[in-house]
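# Analysis of the macromolecular model
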Amino acid sequence: MARKYFGTDGIRGLANGEKLTPELAMKIGMAAGHKFVRGEHRNRVVIGKDTRRSGYMIESALGAGFTAVGMDVYFLGPMPTPAVAMLTRSLRADLGVMISASHNPYDDNGIKLFRPDGYKLSDEVEADIERLIDSDSTSMLAHGMNIGRAHRDEEARTRYIEYAKRTLPRNVDLSGLRVVLDCANGAAYKVAPIALWELGAEVITIGVEPDGYNINHKVGSTAPQAVADKVREMRADIGIALDGDADRVIIIDEKGNVVDGDQFMAVIAQSWLEREMLLGGGIVATVMSNLGLERYLTTLGLTLERTQVGDRYVLEAMRAKGFNVGGEQSGHIILSDFTTTGDGLVAALQLLAVLKQQERPVSEICARFDKVPQLLRSVKFKSGKPLEHKQVIAAIADGQAMLGTGGRLVVRASGTEPVIRVMGEADDAALVSTVVAQIEAAIREVA
């Protein structure tokens, strides 16, 4: 179903551009608030944000919309996306909102909505909110004493830090570990360093000086070279790179090498299996996860349930089929015993626990399997639907035939950018390169 405002991860676009303006933010606040006003109590919404300059503008506009329809607003300030989800539950709010464009550049922004139980909204509820956004708002307005109030919650940061710390096994602390932590100049720049330090780690920080414009700029999980260089310089045991809203994490080993989400999930899967914590007989990942992960899990007697790309779809499969570990190769790791969404800090703590317990370097702990050659290309397009063009359809069909049953091909449109992702995977690296190049060329020709 085509949607006007919502994408695969909330509403996202250029701040003050066509898709995201203060006017729209206010309408979203009114529509979502009206949808979630329930019962006779004072309805409340919690609003967190990352460190983008446009967050102030959007925060104020959302607050105006929510209070106009009778919701009390609790502004949390800079706070990770998973913290907003947790605090929505903890504070018994009727709705949670995160203002962030995640790993995108500073001039983008976005709005993510959470239900009272901390889970993201269903497609059906988002469709209802879209209809309300475009409807006459007069009937939604509260009056007199029913108009909402706004508050600043100064204790939210401490609540999340204590919550994150409690996810570490009781007999484990982080004393003796030297950790380089990169917060991407984003939402976790205050909470993550404090949590690791209070657990006993020696913490060396980068990406903790946000100025409204430098979020994700040459730092964070999408630019891991910065933390890799610092790990080698400081001879640290591990590097942890979060993204702008801290719902994803990339690990760097003691040699400065990147550990992707697939190896990360393999470590947690085996650790939780040995601790008799793993549910569902395996884990959930997307079609982008490496075939090597699937083969490795088979050796442990575990399965890999694949979904379409997007952490919301991973979570849906986890909930529907009883899994408690899932994630994406990009570093979204969902541990549903603790969280309702990806949480970079909480996931990193699970790996740090294994590191302390096994007393082996990260390069050994996170080398669970050999990757099958995989190639991913991103092809930008200006307009239209390149994947519906007959030339592209034919190129994809030819590529699938060339890879055969021993390989995988995934071609999809990004849900957040005007980009086509082309991923090929097989034991023959040269064949993968040829197939991906042919499809990429076909897309460029029509786009």
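Refer to the structure above for everything that follows.
Conventions and cut-offs
- Residues numbered from 1 in each chain as written.
- Predicted model: local features only at pLDDT ≥ 70, side-chain atom pairs only at ≥ 80, totals over all residues.
- Heavy atoms only, no water.
- Helix = DSSP H or I, 4+ residues; strand = E, 2+ residues; numbered from the N terminus.
- Buried < 20%, exposed > 50% of the residue type's maximum accessible area, 1.4 Å probe, protein only.
- Polar contact = N/O pair within 3.5 Å; in protein donor to acceptor, adjacent residues only side chain to side chain.
- Pairing = 2+ DSSP bridges.
- Axes fitted to C-alpha atoms, helices over the stretch in contact; angles between N-to-C directions.
- Contact = heavy atoms within 4.5 Å.
- Parallel < 35°, antiparallel > 145°, perpendicular 65-115°, else oblique.
- Nonpolar A, V, L, I, M, F, W, Y, C, P; charged D, E, K, R; others polar.
- Salt bridge = Lys/Arg side-chain N within 4 Å of Asp/Glu carboxyl O.

On to the side chain of Arg 12, then. With respect to the element layout, Arg 12 can be found in strand 1 (residues 11-14). Assessed through its relative accessible area of 12%, Arg 12 is described here as buried. There is a polar contact of 3.4 Å between the side chain of Arg 12 and the side chain of Asp 9.

Pairing in this open sheet of three strands is antiparallel, and the strands run 16-18-17 from one edge to the other. In this open sheet, the two edge strands, each paired with only one partner strand, are strand 16 (374-380) and strand 17 (408-413). Between one strand and the next, the sheet's axes are offset by a mean angle of 10°, whatever the strand orientation. Packing against the sheet, helix 13 (residues 390-403) makes contact with strand 17 and strand 18 (419-425), and its axis sits at approximately 155° to strand 17.

Looking now at the environment of Ala 426. When you line up the elements, Ala 426 lands in the loop between strand 18 and helix 14 (429-446). Residue classification places Ala 426 among the buried residues on the basis of a relative accessible area of 4%. Taking the C-alpha atoms as reference points, Ala 426 and Gln 374, separated by 52 residues in sequence, lie 6.8 Å from one another. Excluding its chain neighbours within four sequence positions, the residues that come into contact with Ala 426 are Val 372, Pro 373, Leu 403, Gly 406, Gly 407 and Val 432.

Running from amino to carboxyl end, helix 3 (residues 81-90) crosses helix 5 (residues 156-165) at an angle of 100°, the nearest separation of the two axes being 10 Å. In terms of orientation, helix 3 and helix 5 fall into the roughly perpendicular class. Of the residues in helix 5, those in contact with Pro 82, Ala 83, Met 86, Leu 87 and Ser 90 of helix 3 are Ala 156, Arg 159, Tyr 160 and Tyr 163. Residue classes in the contact of helix 3 with helix 5 are distributed as seven nonpolar, one polar and one charged.

Time to look at the pattern of salt bridges. Counted according to the given criterion, the structure contains 31 salt bridges. Across the pair Asp 128 and Lys 35 runs a salt bridge, and its minimum N-O distance is 2.9 Å. Of the two residues, Asp 128 is situated in helix 4 (residues 123-133) and Lys 35 in helix 1 (residues 22-36); the sequence distance between them amounts to 93 residues. Several salt bridges converge on common partners, so that one network encompasses Asp 9, Arg 12, Lys 112, Lys 120, Asp 245, Asp 247 and Asp 311.

Below, the discussion takes up helix 9 (residues 291-299). Of the positions making up helix 9, those classed as buried are Leu 291, Gly 292, Leu 293, Tyr 296 and Leu 297. Where the residues of helix 9 are buried, they touch helix 8 (261-274), strand 12 (282-286), strand 13 (303-307) and strand 18. Put simply, Asn 290 is the residue that caps the front of helix 9, since its side-chain oxygen is 2.7 Å from the backbone nitrogen of Gly 292. Positive backbone phi, at 75°, marks Gly 301, one or two positions downstream of helix 9.

Our focus in this paragraph is unusual backbone geometry. Residues apart from glycine generally show negative phi values, whereas peptide bonds are mostly found in trans. The phi angle at Asn 185 is positive, at roughly 55°, despite the residue not being glycine. Inspection of the secondary structure assignment puts Asn 185 in the loop between strand 7 (178-182) and helix 6 (191-198). A positive phi angle is found at Ala 246, which is not glycine, with a value near 65°. For Ala 246, the location among the structural elements is in the loop between strand 9 (238-242) and strand 10 (249-252). Classification of Ala 246 by relative accessible area gives buried; the value is 3%.

The sheet built from five strands is open, its strands ordered 8-7-9-10-11 with mixed pairing. Strands at the two margins of the open sheet, each flanked by one partner only, are strand 8 (202-206) and strand 11 (258-259). Pairing analysis gives five bridges linking strand 7 to strand 8, with the strands arranged parallel. Within strand 8, the residue paired with Val 180 across the bridge is Ile 204. Running over the sheet, helix 11 (residues 344-358) touches strand 7, strand 9 and strand 10 and is turned about 165° from strand 9.

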